[in-house]
Amino acid sequence: MPQIILLLLFAAIAWIGYRKFVADAEKLTRHQQDVRRQRETGTQGTLVKDPVTGEYRLKKPEA
């Protein structure tokens, strides 16, 4: 019985680690695509409108 619990615990940790890895890889891919697009078009960032003030600011990089 303890072996089954240990196996299930290991499988859950492996699944969570896999999902984290995939999420990080997708985030990195999106960032690389943004950088590539900016390099191709010569832009220096993306403007986003502040809904409260109505002013446009540069989009902050995701942490």
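Residues numbered from 1 in each chain as written. Predicted model: local features only at pLDDT ≥ 70, side-chain atom pairs only at ≥ 80, totals over all residues. Heavy atoms only, no water.

(A) Here's a closer look at the pattern of salt bridges. For the structure on display, the rule yields 4 salt bridges. A salt bridge links Arg37 to Asp34; the shortest N-O distance between them is 3.0 Å. Here Asp34 and Arg37 lie together in helix H1 (residues 2-41), a separation of 3 residues that amounts to about one turn. Overall, the relative accessible area of 41% leaves Arg37 in the partly exposed class. Asp34 sits in the partly exposed class, given a relative accessible area of 33%. Measuring nitrogen to oxygen at the nearest pair gives 3.1 Å for the salt bridge that ties Arg36 to Glu40. Of this pair, Arg36 and Glu40 both sit in helix H1, 4 residues apart, which is roughly one turn of the helix. Its relative accessible area of 38% is what places Arg36 among the partly exposed residues. A residue is classified by how much of its surface remains accessible, and Glu40, at 57% relative accessible area, is exposed. (Salt bridge = Lys/Arg side-chain N within 4 Å of Asp/Glu carboxyl O. Helix = DSSP H or I, 4+ residues; strand = E, 2+ residues; numbered from the N terminus. Buried < 20%, exposed > 50% of the residue type's maximum accessible area, 1.4 Å probe, protein only.)

(B) Geometry of the packing of aromatic side chains. Tallying each qualifying case throughout the model produces 1 aromatic pair. Each ring, one from Trp15 and one from Tyr18, has its centre 5.8 Å from the other, and the planes form 35 degrees; the classification is tilted. Highlighted residues: Trp15 and Tyr18, both in helix H1, separated by 3 residues, approximately one helical turn. The exposed category is assigned to Trp15, whose relative accessible area is 54%. Given a relative accessible area of 46%, Tyr18 falls into the partly exposed group. (Phe/Tyr/Trp six-rings, centres within 6.5 Å; stacked < 30°, edge-to-face > 60°.)

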